[in-house]
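Structure assessment
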Amino acid sequence: MRYEEAGVHIEAKAEALRRAKEAIAATYTKEVLRGLGAFGGLFDAKALTGMRHPVLVATTDGVGTKTLLALEAGDVSGLGFDLVNHSVNDLLCQGATPLFFMDYLAASRLEEEVLSALLSSLAQACQALGIPLLGGETAEMPGVYREGAWDVAGTLVGVVEKEEILGPERVREGDILLALPSSGPHTNGYSLIRKVVEGMDLNAPVPELGESLKEALLRPHRAYLQEFRRLKEAGVELHALAHITGGGLAENLPRALPEGLGAEIRKGSWPIPPIFPYLQRLGNIPEEEMYRVFNMGLGLVLVLPEGEAQRAQALVESFPVGRVVAGSGVRLV
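Residues numbered from 1 in each chain as written. Predicted model: local features only at pLDDT ≥ 70, side-chain atom pairs only at ≥ 80, totals over all residues. Heavy atoms only, no water.

Focus: the UniProt feature "domain: PurM-like C-terminal" (unreviewed entry) in the protein
Those residues carrying the UniProt feature "domain: PurM-like C-terminal" (unreviewed entry) are residues 172-332 in this numbering. Overall, residues 172-332 shows 33% helix and 23% strand. The separation of its end C-alpha atoms is 19 Å. (UniProt positions renumbered as here; feature names shortened; annotations may be inferred. Helix = DSSP H or I, 4+ residues; strand = E, 2+ residues; numbered from the N terminus.)

Description of the packing of helix α3 (residues 79-92) against helix α4 (residues 112-129)
Relative to each other, α3 and α4 sit at 40 degrees, their axes nearing to 7 Å. Considering the angle they form, α3 stands oblique to α4. In this structure, the crossing between α3 and α4 has a hand that is right-handed. In this structure, α3 contributes Leu-79, Gly-80, Phe-81, Leu-83, Val-84, Asn-85 and Val-88 to the contact, and α4 contributes Leu-118, Ser-121, Leu-122, Gln-124, Ala-125, Cys-126 and Leu-129. (Axes fitted to C-alpha atoms, helices over the stretch in contact; angles between N-to-C directions. Parallel < 35°, antiparallel > 145°, perpendicular 65-115°, else oblique. Left-handed = near helix turned anticlockwise from the far one by under 90°. Contact = heavy atoms within 4.5 Å.)

Details of the sheet that holds strand β10 (residues 240-243)
Neighbouring strands of a sheet are bound in pairs by backbone hydrogen bonds; such pairs are parallel or else antiparallel. What the six strands build is an open sheet, ordered β10-β12-β7-β13-β11-β14; its pairing is mixed. Of all the strands in the sheet, just β10 and β14 (330-332) have a single pairing partner and so form its edges. Taking each pair of neighbouring strands and ignoring which way they run, the sheet shows an average axis angle of 25 degrees. The sheet contact formed by strand β11 (residues 261-265) and strand β13 (residues 319-326) spans five bridges and is antiparallel. In the sheet register, Ala-263 faces β13, and the bridge partner there is Val-324. Sitting on the sheet, helix α11 (residues 306-315) is in contact with β7 (176-181), β12 (298-304) and β13, with an inclination near 20 degrees to β7. (Pairing = 2+ DSSP bridges.)

Describing unusual backbone geometry
At Asn-284, a residue that is not glycine, the phi angle is positive and equals roughly 50 degrees. Looking at the element boundaries, Asn-284 is found in the loop between α9 (275-283) and α10 (287-293). Since its relative accessible area comes to 67%, Asn-284 is described here as exposed. Positive phi values are uncommon outside glycine, yet Met-296 reaches one of about 55 degrees. (Buried < 20%, exposed > 50% of the residue type's maximum accessible area, 1.4 Å probe, protein only.)

Re the pairing of strand β5 (residues 133-140)
Burial of β5 is extensive: six of the eight residues sit out of reach of the surface. Viewed along the sheet, the connection from strand β4 (residues 97-107) through α4 into β5 turns out right-handed. (Right-handed = clockwise from strand over helix to strand, strands pointing away.)

Describing the sheet that holds strand β6 (residues 150-161)
Taken in spatial order, the four strands of this open sheet run β3-β6-β4-β5, and their pairing is mixed. Each edge of the open sheet carries a strand with a single partner, namely β3 (54-62) and β5. Sheet twist, expressed as the average angle between the axes of neighbouring strands with direction ignored, equals 15 degrees. Of the strands in this sheet, β4, β5 and β6 are in contact with α4, which crosses β4 at around 170 degrees.

Some thoughts on the domain arrangement of the protein
Interfaces are often sized by the accessible area lost when the parts come together. Assigned domains of the protein: these are domain 1 (3-161) and domain 2 (168-332). With centres defined by C-alpha atoms, the gap from domain 1 to domain 2 works out at 25 Å. Listed per partner, the contact involves 24 residues of domain 1 and 27 residues of domain 2. Roughly 2300 Å² of surface becomes buried between domain 1 and domain 2 when both sides are summed, with 65% attributable to carbon and sulfur atoms. At the boundary of domain 1 with domain 2, the tally comes to one salt bridge. Linking Asp-75 and Lys-214 is a salt bridge whose minimum nitrogen-to-oxygen distance equals 3.9 Å. Taken together, domain 1 and domain 2 are joined by ten residue pairs in polar contact (both at pLDDT 80 or more). Sorting the residues of the side of domain 1 that touches domain 2 by element identifies α2 (66-73), α3 and β4 as the ones contributing at least two each. Per element, the largest residue contribution to the side of domain 1 that touches domain 2 is eight residues, and it comes from α3. Each residue belonging to the side of domain 1 that touches domain 2 can be placed in one class, and the counts come to twelve nonpolar, seven polar and five charged. (Domains from an automatic or database assignment. Buried area = accessible area lost by both parts, 1.4 Å probe. Salt bridge = Lys/Arg side-chain N within 4 Å of Asp/Glu carboxyl O. Polar contact = N/O pair within 3.5 Å; in protein donor to acceptor, adjacent residues only side chain to side chain. Nonpolar A, V, L, I, M, F, W, Y, C, P; charged D, E, K, R; others polar.)

Regarding the pairing of β10
Residues Ala-240 and Ala-242 of β10 are buried on one face, and the alternating residues Leu-241 and His-243, pointing to the opposite face, are buried as well. Across four bridges, β10 lies against β12 in antiparallel orientation. In the sheet register, His-243 faces β12, and the bridge partner there is Leu-300.

A closer look at the UniProt feature "domain: PurM-like N-terminal" (unreviewed entry) in the protein
When the UniProt feature table is mapped onto this chain numbering, "domain: PurM-like N-terminal" (unreviewed entry) sits at residues 55-160. As a span, residues 55-160 carries 38% helix and 36% strand, and end to end its C-alpha atoms are 5 Å apart.

Spelled out as C-alpha cells, the structure:
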C-alpha cells in the first residue's frame with residue numbers, strides 16, 4: 001500500500017509549500033535566523049535586551065466556521081488576514097506589539113490550490129503588518145476532519161515592557177469607552193450566520209447591503225495595530241483595551257474591567273454596519289442575542305481617562321460609546 005491510499009497526499013502539500021516559499025520569506029525581518037523548512041523557527045531575541053523589563057505575550061486562536069463559508073463561496077483569500085489580525089488585536093489588549101506568527105493549517109485532504117491560497121493570504125497579512133511568518137504546521141488527517149473542512153489556526157508571540165502592561169488594574173470609575181469600528185462580523189458568530197444564510201446565493205447582489213453576501217461576510221477581520229501605535233507614539237494614556245469577539249460586549253468588555261466596576265454603553269452612539277440588521281431580520285434574531293453573539297460594529301474598545309478621549313479621537317477613527325461605572329457587567333442604555 002501507499003500513503004495516498006490512506007488518504008494522505010504528500011506531494012500536494014510539498015508543492016503548495018514550494019509555491020508559497022517566496023511569499024513567506026518576504027515576511028522575514030532581520031531577527032529571523034531560520035524559518036520555513038527548519039524543524040523550528042529561530043528568532044533573534046537580541047532586540048529585547050534594549051528593553052528595561054520585557055514580558056513575552058502569547059496568544060492562540062482560529063478562524064472558526066467562517067472557513068466553511070469561505071470554502072462554500074470559493075474564496076479563502078481573506079482567511080489569513082482574519083487569523084493574523086484577530087491574533088494581533090488580542091495581543092494589543094495586553095499593551096504588547098507582535099514579534100512573530102506561527103500557523104496551523106489542517107484538513108481531511110490538503111487540496112493544493114486551497115492550501116496555496118491560505119499560505120499566500122497568511123504571508124500577505126503578516127507582511128502588511130511587518131510580522132514574520134516564522135513557521136507552522138500543515139497536517140492532512142483523514143478521519144479527524146470531515147471531508148472538505150479546514151482548520152485554520154495560529155499563535156502570535158509579542159512583547160511589552162512590564163510597566164506598560166494594560167489591564168483592569170489601571171481602570172478607574174468614570175473612564176471613557178472609546179470604540180474603534182469593526183469591518184463587519186470579523187471572525188465570530190459564523191455558525192449562526194451560516195444557519196441564517198443557508199441555501200442563499202452568496203454572490204448575488206443584496207440591495208439592502210449595497211454588495212453581495214460574500215463581500216459582506218468574508219470581509220477580513222480588522223487589525224488595529226497601526227491605530228495602537230499612533231496612540232502610543234502620541235503619548236495617549238490608555239488604561240485597558242477590549243477586543244470585541246465571540247460573546248460580544250457582554251463577555252469581552254468585563255475582561256478589561258476590575259471587580260466592582262462595570263460599563264454603561266449608549267446604544268445609537270456608533271454606526272452599526274448594515275449586515276447586522278440584515279442578518280437580524282433574515283433570521284428573526286432577538287436584539288439581545290445579536291449583542292450577545294456579534295460585535296455589532298465595535299471592533300476594539302479603548303478604556304482611557306476622560307481627559308484623553310478627545311485627543312485619541314483626533315488620532316484614530318473612533319466613537320465615544322459609554323463609560324466605566326460602579327457595579328458589574330455591561331448595561332446597554
